[in-house]
Amino acid sequence: MTSVPVDEPTNTSMSQTESPIAIAPSAASRLRERLFQVLPDIVLPVITLLVVLLVWHLIATNLGGGIPGIGETWERGVELLSDPFHSNGPNDMGIFWQVLYSLGRVMAGFTLAALVGVPVGFLMGSSAIFRKGWAPLIQILRPVSPLAWLPIGLLLFRAVDPSAIFVIFITSIWPIILNTSAGVVAIPNDYRNVAAVLRLNRIEMVRHILLPATLPHVLTGMRLSLGIAWMVIVAAEMLTGGIGIGFFVWDEWNNLNVSSIIVAIIIIGVVGIILDLGMNMIQRRFDHSQR
Amino acid sequence: MSAYLSIEGVGITFNPRKSPTPALVGVDLKIAKGEFVSIIGHSGCGKSTLLNIVAGLLKPTLGGVFLERQLVDAPGPDRAVVFQNHSLLPWLTVYDNVRLAVNKVFGKTRGEAERHEWTLHNLNLVGMSHAIAKYPSEVSGGMKQRVGIARALAMEPKVLLMDEPFGALDALNRARLQDALMGIQTTLRNTVIMITHDVDEAVLLSDRIVMMTNGPAATIGEVLDIPLDRARKRLDLADDTTYAHCRGEVLRFLYARHRPADADAA
């Protein structure tokens, strides 16, 4: 009997060694394959992290100068994060509250900026007169560090909290205005023609064409704004004081708790990533061009 | 004869102040109700400009367009346009793209359920009932164009304007959509103006072919009647002498008498 059943080629040991692909992959081999795919995503960052930690360690042990060691910082981090919710008066609050106060200011300023910036952006995008009138002013103000506005805020509001919110407002508004107006300008002529043939009135035009067509640009502007706002709030709080992650950094510097500052830097970074991921999720949900 | 749609002495000049370029000069055309007219010509001969004038998207500098003796001076759903690149709104589903038009045109005259039925009816007409919940980005180019046609048909236009509706499609898809359009046309008997640069498409679909001379200052060169019976079959016409004759007439006009401006170099 020499005839081999055609539909069972994997039974022979020959084909097993020669073409392992023909075998139905076992769970273990599939797992291994998957592991090899994600490995670079894990291994490479880990290598980078180790290099950075090594450099840090070398600096801390050899140069000294008050740079805390890795172990010391780790202990401080555990200490700060093990009790993030404590609140013994305004001068002694947990790291969670510090972050929350900062986030609150960012959100307040950012929301105000969106409320003002989106309509202004729409006006600038749809009216050449408005655009020509306002563009030069915006071009001059946009590159100014938002912190330069802090004294103006203090003068106007005579209180630190509204001043910090004012700084975030100024920070956030330019990207929102510019992206919104760019979005309105970029609406394809085809959509306008469709609207014209359908005889959409002004309100229908805004609702069915203008808003949905511009939304991706608006969200991009908001995402940029939020990222910058989170950077600026740290600096603003260093100047204004009070409760907040920025002032926490400054306060720990005054107490020469450098390990706390390093922990705070990492926390600020993580919160920034979370904010960006949140905006990314909103974009994916509402942005038709990312569907 | 009082025509259904009448284009009278239409001319348009772009940039009238800085560097006047006459695009169209003295275009006269009368179209009867239920007639399918193709406009053919080389690129840049102002075919699309003429269609946009009929649509009301462009205003002519001279002359005017009359639909049922009314001057056309603005775009409107009575002259629905099927755009070359479908122009579906990407944030609306296939259904909602058509429904938006239905709501706008019949919002006051028809009830909710009736408008829903009418939307589905028109999507069914173009063979798109299976994809009503999909977004335009999720369907093929041919399907997008079908939805564009459904949207235009759903407006129950007096004149259906089509701007190279199948120009962006591959040959097989184009043939399928042409057949679908012919099928719809036999039942609905719409008045249609279609821009094309495809000679076969023009002969196959039209009652009359309007041939345009080259721009600038383009105008109508010749008008050719297509005396073929309706319910035309693509395959039957392949060896038809009348079909071949009409095709030859258009080709001679385009390539013997009115060669494209840059063809001499080639």
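What you are looking at is a predicted structure, and each value in this text was computed from that prediction instead of being measured.

Participant: What am I meant to see in the overall build of chain A here?
Facilitator: A tally of regular secondary structure across chain A gives 11 helices and zero strands. The globule rule puts the C-alpha radius of gyration for 291 residues at 19 Å, and the 28 Å found for chain A is more than 25% above it. The proportion of buried residues among the 291 residues of chain A is 36%. Considering only residue pairs separated by 6 or more positions, chain A has 65% of its internal contacts joining residues 24 or more positions apart. When the accessible surface of chain A is split by element, carbon and sulfur atoms take 69% of a total near 17,500 Å².

Participant: Help me understand the sheet that holds strand β1 (residues 5-14) of chain B in this model?
Facilitator: Two pairing modes exist for strands in a sheet, parallel and antiparallel, and in both the strands are linked by backbone hydrogen bonds. All names here are of chain B. With antiparallel pairing, the four strands of this open sheet are ordered in space as β2-β1-β4-β5. Among the strands making up the open sheet, the edge pair consists of β2 (21-31) and β5 (70-71). Note: strand β4 (residues 62-67) against β5, two bridges, orientation antiparallel. Bridging from a neighbouring strand, F66 pairs with L71 of β5. Those strands touched by helix α1 (residues 47-55) are β1, β2 and β4, and its axis lies near 120° from that of β1.

Participant: What's the story with the domain arrangement of chain B in this structure? I'm lost.
Facilitator: Size of an interface: often given as the accessible area lost when the parts come together. All names here are of chain B. Per the domain assignment, the segments making up chain B are domain 1 (1-80 + 157-266) and domain 2 (88-155). Each of domain 1 and domain 2 has a C-alpha centre, and these two points are 25 Å apart. The interface is formed by 14 residues belonging to domain 1 together with 11 residues belonging to domain 2. Buried surface at the junction of domain 1 and domain 2, summed over both partners, amounts to about 1,100 Å²; 77% is from carbon and sulfur atoms. Three residues, P77, L177 and I184, lead the burial of domain 1 against domain 2; their summed loss comes to 37% of the area buried on that side. Summed over the shared surface of domain 1 and domain 2, the number is zero salt bridges. Linking domain 1 with domain 2 are one residue pair in polar contact (both at pLDDT 80 or more), by the criterion used here. Mapped onto the side of domain 1 that touches domain 2, the elements with two or more residues apiece are β7 (159-163) and α5 (171-188).

Participant: Is there a simple way to think about the nonpolar core in this case?
Facilitator: A general tendency of soluble globular proteins is for nonpolar side chains to be buried together. Counting residues in hydrophobic clusters, the biggest one holds 142 residues, and the most contacted among them are M222, W230 and I245 of chain A together with I193 and I209 of chain B. Three or more residues apiece are contributed to this core by two domains, here domain 1 (1-80 + 157-266) and domain 2 (88-155) of chain B.

Participant: Before we go on, may I ask you to explain the interface of chain B and chain A in this structure?
Facilitator: Taken together, the contact between chain B and chain A spans 22 residues of the former and 17 residues of the latter. Here chain B packs against chain A, burying approximately 1,800 Å² in sum over the two surfaces, 68% of which is carbon and sulfur. Sorting the residues of chain B by area buried against chain A places W91, L100 and K104 of chain B first, and these three jointly supply 36% of that buried surface. Applying the counting criterion to the chain B and chain A interface returns one salt bridge. A salt bridge links E204 of chain A to K104 of chain B; the shortest N-O distance between them is 2.8 Å. Our count for the chain B to chain A interface comes out at five residue pairs in polar contact (both at pLDDT 80 or more). The residue inventory of the side of chain B that touches chain A, partitioned by class, reads 15 nonpolar, four polar and three charged.

Here is what the cut-offs are and how they apply
Residues numbered from 1 in each chain as written. Chains lettered and ligands numbered in written order. Predicted model: local features only at pLDDT ≥ 70, side-chain atom pairs only at ≥ 80, totals over all residues. Heavy atoms only, no water. Helix = DSSP H or I, 4+ residues; strand = E, 2+ residues; numbered from the N terminus. Rg over C-alpha atoms; globule rule 2.2 N^0.38 Å. Buried < 20%, exposed > 50% of the residue type's maximum accessible area, 1.4 Å probe, protein only. Contact = heavy atoms within 4.5 Å. Areas by Shrake-Rupley, 256 points an atom, 1.4 Å probe, with all protein chains shown as cover. Pairing = 2+ DSSP bridges. Axes fitted to C-alpha atoms, helices over the stretch in contact; angles between N-to-C directions. Domains from an automatic or database assignment. Buried area = accessible area lost by both parts, 1.4 Å probe. Salt bridge = Lys/Arg side-chain N within 4 Å of Asp/Glu carboxyl O. Polar contact = N/O pair within 3.5 Å; in protein donor to acceptor, adjacent residues only side chain to side chain. Core = buried A, V, L, I, M, F, W, Y, C linked by side-chain atoms within 4.5 Å. Nonpolar A, V, L, I, M, F, W, Y, C, P; charged D, E, K, R; others polar.

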